[in-house]
Each structure stands twice: as C-alpha cells, then as structure tokens.
2 protein chains.
Amino acid sequence: MDFITILGLTAATITTASFLPQVIKTLKTRQTKDLSLGMYLAMVVGFSLWLIYGLLVKDIPIISANAIGTTLALIILVLKIKHG
Amino acid sequence: MDFITILGLTAATITTASFLPQVIKTLKTRQTKDLSLGMYLAMVVGFSLWLIYGLLVKDIPIISANAIGTTLALIILVLKIKHG
C-alpha cells in the first residue's frame, strides 16, 4: 500500500472514530444540552447517504467507515432527543 | 454527472455542513460543557489529514470539503478549550 492510500485510510479512521469520545462522554453524563440537534440529524442523514454511495460503488473502506459513523452519530442523536 | 456522483457529492456536502449548526449554537450560547474535547481534537487532526490527502491526489471536492470541515471543527475546538 502506498503512502497516499495509508494517509487516506488514516484520515478516514480518525474522522470516523472521533465520534467515539462524544458517545462515551454522553453515555456517562447523560448531558446533551450543549449538543446541536441539527448537527446530529444532518450527520445521520449524511453518513447514511455515504453508506448507500459505498454500497453502490462496492467500496469496502467507504462502507465500513460510514456504517460505523452512522451508528455512532445515531447513538448521539437518540441520546440528544431523549435528554434534550 | 451521473446519479452516483451526485449522491457522493450530496453526502460529502451534508456531513461537512452538519458542523455548522453546532458552530452557530456554540457561538450563541458559549456553553461547551457537554461537548467532547477528544472528539474535536481528533476531528481537526482527521480533517487536516484528509485535506493533505486531497492536496496530494489533487481532488477539488476532497480539498474544499475538508478545508471547510477543518475550519468548522477548529472553531468548535477553540470554543471548547476557551469555555471548558
């Protein structure tokens, strides 16, 4: 694998995984007042479209990154709707 | 432009723009207690790597989406560090 491919995969992994600390924090504190509902609504829609795109072009990195991204953003969205 | 390309561009636009409602909310309220520092640190690093990747492969959509993404995530990160 060349340097540029490794760089792209690293970037994809970090941006997707970056939702994890927010999921963990929000599951612990159950405090969501400062989180933007609009952000997580848009993020779930955007990740889902990326996932459909990945399935259509049959690209495993895009499918896996966005399946994880959709799940993490959806958890935060559900917590935001639940806790306000 | 074919359907799949339009779908990918729509997905990229929505996921990048989704940070905007959080930026607006946080600039208004100055409340960042519920935001995860780790999320925005990782997001700025990840978006920056995507930006470098886009510059190396000379892909205008990747460059523009991640230049905007880096800026928006950086604004939230700076507000989080400032307001705690």
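In case you missed it, the structure is sitting above this.
Residues numbered from 1 in each chain as written. Chains lettered and ligands numbered in written order. Predicted model: local features only at pLDDT ≥ 70, side-chain atom pairs only at ≥ 80, totals over all residues. Heavy atoms only, no water.

Quick notes on the relation of the copies chain B and chain A
Relating the two copies of this chain is a rotation about some axis coupled with a shift parallel to it. Screw-axis analysis of chain B against chain A gives a translation of 0.0 Å along the axis, an RMSD of 0.0 Å, and a rotation angle of 180°. The superposition operator between the copies reduces to a two-fold rotation axis. By C-alpha distance to the rotation axis, the residue of chain B lying nearest is B:Asp34, at 2.7 Å. The residues that chain B uses at the interface reappear at the interface of chain A in 100% of cases, marking a shared surface. (Least-squares fit on C-alpha atoms with pLDDT ≥ 70 in both. Contact = heavy atoms within 4.5 Å.)

Remarks on the pattern of salt bridges
Residues and elements named next belong to chain A. Here the structure, examined in full by the defined rule, presents two salt bridges over all chains. Across the salt bridge formed by Lys33 and Asp34, the nearest N and O atoms sit 3.0 Å from each other. Judged by its relative accessible area of 45%, Lys33 falls in the partly exposed class. For Asp34, a relative accessible area of 2% translates into the label buried. (Salt bridge = Lys/Arg side-chain N within 4 Å of Asp/Glu carboxyl O. Buried < 20%, exposed > 50% of the residue type's maximum accessible area, 1.4 Å probe, protein only.)

Digging into the interface of chain B and chain A
On the side of chain A, 35 residues touch chain B, which itself brings 35 residues to the contact. Summed over both sides, the interface between chain B and chain A buries roughly 3,000 Å², with carbon and sulfur atoms accounting for 75% of that surface. Broken down residue by residue, the surface that chain B buries against chain A is led by B:Leu7, B:Asp34 and B:Met39, which jointly contribute 20%. Put simply, chain B and chain A have zero salt bridges between them. Applying the counting rule to chain B against chain A returns 11 residue pairs in polar contact (both at pLDDT 80 or more). (Buried area = accessible area lost by both parts, 1.4 Å probe. Polar contact = N/O pair within 3.5 Å; in protein donor to acceptor, adjacent residues only side chain to side chain.)

So, the environment of B:Ile81
Mapped onto the elements, B:Ile81 comes out in helix 4 (residues 60–83). Taking the C-alpha atoms as reference points, B:Ile81 and B:Thr70, separated by 11 residues in sequence, lie 16 Å from one another. (Helix = DSSP H or I, 4+ residues; strand = E, 2+ residues; numbered from the N terminus.)

Looking at the nonpolar core
Formed by 24 residues in total, the largest nonpolar core has its most connected members in A:Phe19, A:Met39, A:Tyr40, B:Phe19, B:Met39 and B:Tyr40. Sorting the residues of this core by element identifies helix 2 (19–29), helix 3 (37–57) and helix 4 (60–83) of chain A together with helix 2 (19–29), helix 3 (37–57) and helix 4 of chain B as the ones contributing at least two each. Contact partners of A:Phe19, with chain neighbours within four places excluded, come to A:Met39, A:Tyr40, A:Met43, A:Phe47, A:Leu72, A:Ile76, B:Met39 and B:Met43. (Core = buried A, V, L, I, M, F, W, Y, C linked by side-chain atoms within 4.5 Å.)

Here we look at helix 2 of chain B
Among the residues of helix 2 of chain B, those classed as buried are B:Phe19, B:Gln22, B:Val23 and B:Thr26. Mapping the buried residues of helix 2 of chain B onto a view down its axis gives an arc of 100°, with all of them on the same face. On the buried face of helix 2 of chain B, the contacting elements are helix 3 of chain A together with helix 1 (3–17), helix 3 and helix 4 of chain B. Positive backbone phi, at 60°, marks B:Arg30, one or two positions downstream of helix 2 of chain B. (Arc of directions from axis to C-beta.)

Side note on unusual backbone geometry
All names here are of chain A. At Arg30, a position not held by glycine, the phi torsion is positive, near 60°. Checked against the element boundaries, Arg30 lands in the loop between helix 2 and helix 3. The phi torsion at Lys58 lies on the positive side, around 55°, for a residue other than glycine. Along the chain, the position of Lys58 falls in the loop between helix 3 and helix 4.

Focus on the packing of aromatic side chains
Within the structure shown, the criterion is met by five aromatic pairs over all chains. Centre to centre, the rings of B:Phe19 and B:Phe47 are 5.5 Å apart; their planes meet at 75°, and the pair counts as edge-to-face. Here the residue B:Phe19 occupies a position in helix 2, and B:Phe47 occupies one in helix 3, the gap between them amounting to 28 residues. Each of the two residues, B:Phe19 as well as B:Phe47, counts as buried. An aromatic cluster is built from A:Phe19, A:Tyr40 and A:Phe47, whose rings are joined through pairwise contacts. (Phe/Tyr/Trp six-rings, centres within 6.5 Å; stacked < 30°, edge-to-face > 60°.)

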